[in-house]
Amino acid sequence: MSIFDSDSGMEPVNWMREKILALLEDSAKMIDLANESDTTKWYSEKLREMASGMIYRLVPMTSLLFSAGEDAASPDESKAIIDGGSLALARWCKKWDISDWRLVAQNAITTPRSAEDDEEKSLTPEETLLSADDEAANEMRLEICQRICLKLLDENIPDAARRILAWAGYHLGLSQHADVVKISKRFLPGDIQRTPQDTSEGYRALYELRLIERIDGLSNNNDVLALRIAIDGLNSSKHPSVYRDEVFGFEGARVNGESTFSNDIFVKIPDKLSRFLTRDASVIRNKLPELKLLLKNSISPERVFISDVEYLPAGESSKYPSLRISFRQPLSCLSTTTVEEHITVTTNAWLKSIVVL
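Reading the values: rules and limits
As a convention, each chain's residues are numbered from 1 in the sequence order in which they are written. In keeping with the model being predicted, local features are shown solely for residues with a pLDDT of at least 70 and side-chain atom pairs are shown and tallied solely at 80 or more, while totals for entire chains, interfaces and linings include all residues. Excluding hydrogens and water, the side-chain values take into account all heavy atoms of the structure. In DSSP terms, a helix is any run of H or I states spanning at least four residues, a strand is any run of E spanning at least two, and both are numbered starting from the N terminus. To sort residues, take the accessible area from a 1.4 Å probe on protein chains only and compare it with the maximum for the residue type: under 20% means buried, over 50% means exposed, and anything in between is partly exposed. Working rule for contacts: check all heavy atoms of both residues, and any pair within 4.5 Å makes them a contact. In this analysis an axis means a line fitted to C-alpha atoms, helices contributing only their contacting stretch, and an angle means the value between N-to-C directions, from 0 to 180 degrees. Under this scheme an angle from 65 to 115 degrees is roughly perpendicular, one under 35 degrees roughly parallel, and one over 145 degrees roughly antiparallel; angles in between are oblique. Rotating anticlockwise by less than a right angle from the far helix to the near helix defines a left-handed crossing, while the corresponding clockwise rotation defines a right-handed one. When DSSP locates at least two bridges between a pair of strands, those strands are taken to pair. Nonpolar cores are built from buried Ala, Val, Leu, Ile, Met, Phe, Trp, Tyr and Cys residues. Side-chain atoms within 4.5 Å join them into one set. Aromatic rings from Phe, Tyr and Trp, with only the six-membered ring used for Trp, were paired whenever their centres fell within 6.5 Å, and each pair was classed as stacked if the ring planes differed by under 30 degrees, edge-to-face if by over 60, and tilted otherwise. Only Lys NZ and Arg CZ are tested; either one counts as a charge over a ring when it is within 6 Å of the ring centre and within 35 degrees of the ring normal. The pocket and cavity definitions rest on a 1 Å grid over protein atoms only: a 1.4 Å probe that fits but cannot leave marks a cavity, an open set with protein on both sides within 12 Å along at least five of seven lines marks a pocket, and residues lining either have an atom within 4 Å of a point. Grid points are joined across faces, edges and corners, and a volume is the space filled by probe spheres set on the points. Three classes are used: nonpolar for Ala, Val, Leu, Ile, Met, Phe, Trp, Tyr, Cys and Pro, charged for Asp, Glu, Lys and Arg, and polar for all others, with Gly counted as polar. Each helix should span, by expectation, one fewer than its residue count multiplied by 1.5 Å.

### Some words on the environment of Val304
Part 1 of the argument: Within the secondary structure, Val304 is located in the loop between helix H13 (288–298) and strand E6 (305–312).
Part 2 of the argument: For Val304, a relative accessible area of 4% corresponds to the buried category.
Part 3 of the argument: Separated by 48 residues in the primary sequence, Val304 and Asn256 place their C-alpha atoms 8.9 Å from one another.
Part 4 of the argument: Other than its neighbours up to four places away in sequence, Val304 contacts Val255, Ile299, Phe327, Arg328, Gln329 and Val339.

Encoded structure:
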């Protein structure tokens, strides 16, 4: 005898109540899984997204079949189940006298996961990257470029974030991967013409908007930051790397608001001092911070940034012991002669002051 047989005499309402409530319980269990602490963010959101649509539809149907009334079918009641899962469903059944709420609550108590289950759930599949030579690469890049163009028009996205996105898009055509680019953390602020602080805030904004994902393990160079330009549903990862603060830029990258270039000057150490240093170079090495501070204070920070002062024994870049002074100047400076003369004179005067006669 079948429920579909018109002569069966079976009441279809009870049958439908059973099936609808079972569907609602299964939907609530999806919420339970989404709420587990070790469920990744991507899976949690996808589970909640799928379960929410079903719960919003099933709650009114269940309320109607059990004659629970209009208030039981309100969106707020559905939202409570979407937030709380199976136990919230049991409370809803008790509140509106729907079926046996104790049985619903009992069904919500699942068998504890085994250690093997925990291990399997925690496994992260190996990241697979699409090569730029793959047949699907061009189509993916077109999709990504379309997304970038739309986001560049979105004034709700911070300016620095849009600049990073544009810079990443520019590098996409040079990448060996279809959707991953490598950028320099040191030079990114200069590349997008923004401060390191603005760059950090823009990077965080893009991460929170899920427009980028950090890809670890693509380079041994600590300065290289590999980023996937992500499009949800096309190439976004199910296990994206957790956001991590990055240090962008470097001291001296900008002088007086301008990008800079680096230069070195070598100053020979006087013979009397060099003969002494052959026996104990620590005498001058310990005093180098003093010279660096002296040079910084003797020249306007709006003109020059003193990067480093280093002692070079004979045989390293010169046959005489010398000091290498590294400095940075704005790109607009056409000549370094005046600065080099100032550094040389100041350094020689300092060297003479520490010569042991």
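Once the structure has been displayed, the description carries forward.
### Examining the packing of helix H1 (residues 12–35) against helix H2 (residues 41–65)
Part 1 of the argument: The geometry of H1 relative to H2 is characterised by a closest axis approach of 8 Å and an angle of 155 degrees between their N-to-C directions. By the angle between their axes, H1 is roughly antiparallel relative to H2. Here the hand of the crossing between H1 and H2 comes out left-handed.

### Notes on the sheet that holds E6
Part 1 of the argument: Here we have 4 strands laid out as an open sheet, ordered E4-E5-E7-E6, and antiparallel in their pairing. Each edge of the sheet is formed by a strand with only one pairing partner; in this case those strands are strand E4 (254–255) and E6.
Part 2 of the argument: As defined by bridge partners, E4 adjoins strand E5 (residues 258–268) across 2 bridges and the pair is classed as antiparallel. Bridged to Arg254 within E5 is Ser259.
Part 3 of the argument: Each of E6 and strand E7 (322–330) is contacted by H13, which is oriented at about 150 degrees to E6, the strand it contacts most.
Part 4 of the argument: Packing against the sheet, helix H14 (residues 337–354) makes contact with E5, E6 and E7, and its axis sits at approximately 40 degrees to E5.

### A short note on the nonpolar core
Part 1 of the argument: Ranked by internal contacts, the top residues of the largest apolar core, which has 26 residues, are Ile144, Tyr203, Leu206, Leu227 and Ile229.
Part 2 of the argument: Elements with a minimum of two residues in this core: helix H7 (137–152), helix H8 (159–172), strand E1 (180–184), helix H9 (188–192), helix H10 (196–208) and strand E3 (224–229).
Part 3 of the argument: For this core, the leading source of residues is H8, giving 5 residues.
Part 4 of the argument: When neighbours within four sequence positions are excluded, Leu227 is seen to be in contact with Asp179, Val180, Val181, Ile183, Tyr203, Ile212, Glu213 and Arg214.
Part 5 of the argument: If you look at the next biggest cluster of nonpolar residues, it comprises 22 residues, including Ile31, Leu58, Ala68 and Ile98.

### Things to note about the packing of aromatic side chains
Part 1 of the argument: Scanning the entire structure with this criterion turns up 6 aromatic pairs.
Part 2 of the argument: Within the aromatic cluster, the residues linked to one another by ring pairs are Tyr203, Tyr207, Tyr243 and Phe248.
Part 3 of the argument: Here Arg17 stacks its cationic end above the ring of Phe66, 5.1 Å away from the centre of that ring.

### Focus: the layout of surface pockets
Part 1 of the argument: When its volume is computed, the largest pocket comes out at roughly 540 Å³.
Part 2 of the argument: Contributing elements (two or more residues each) for the lining of the largest pocket: H2, H10 and strand E2 (212–214).
Part 3 of the argument: The greatest single-element share of the lining of the largest pocket, amounting to 5 residues, is contributed by H2.
Part 4 of the argument: Residue composition of the lining of the largest pocket, by class: 8 nonpolar, 5 polar and 10 charged.

### So, the sheet that holds E3
Part 1 of the argument: Strand order in the open sheet formed by 3 strands is E1-E3-E2, with antiparallel pairing between adjacent strands. In the strand order of this sheet, the two ends are held by E1 and E2, each with one partner. Across the sheet, the axes of successive neighbouring strands diverge by a mean angle of 35 degrees, strand direction being ignored.
Part 2 of the argument: Contacts from H8 reach E1 and E3 within the one sheet, and its direction differs from that of E1 by about 115 degrees.
Part 3 of the argument: Its contacts with the sheet put H10 on E2 and E3, and the angle it makes with E2 is roughly 105 degrees.

### A word on the packing of H7 against H8
Part 1 of the argument: It is at 10 Å that the axes of H7 and H8 come closest, and there the two elements cross at 155 degrees. Between H7 and H8, the interaxial angle falls into the category roughly antiparallel. Crossing of H7 over H8 shows left-handed handedness. Of the residues in H8, those touching H7 at Arg141, Ile144, Ile148, Lys151 and Leu152 are Arg162, Leu165, Ala166, Gly169 and Leu172.
Part 2 of the argument: A breakdown of the residues in the contact of H7 with H8 according to their chemical character gives 6 nonpolar, 1 polar and 3 charged.

### Looking at unusual backbone geometry
Part 1 of the argument: Phi angles above zero are rare outside glycine, and Gln193 is one such case at about 60 degrees.
Part 2 of the argument: Within the fold, Gln193 resides in the loop between H9 and H10.
Part 3 of the argument: Given the relative accessible area of 38%, Gln193 is considered partly exposed.
Part 4 of the argument: Despite not being glycine, Asn256 has its phi angle at roughly 55 degrees, a positive value.
Part 5 of the argument: Here Asn256 lies in the loop between E4 and E5.

### Remarks on H1
Part 1 of the argument: The first and last C-alpha atoms of H1 sit 35 Å apart over 24 residues, in line with the 34 Å expected at 1.5 Å per residue.
Part 2 of the argument: Residues Ile20, Leu21, Leu24, Glu25, Ser27, Ala28, Ile31 and Ala34 constitute the buried set of H1.

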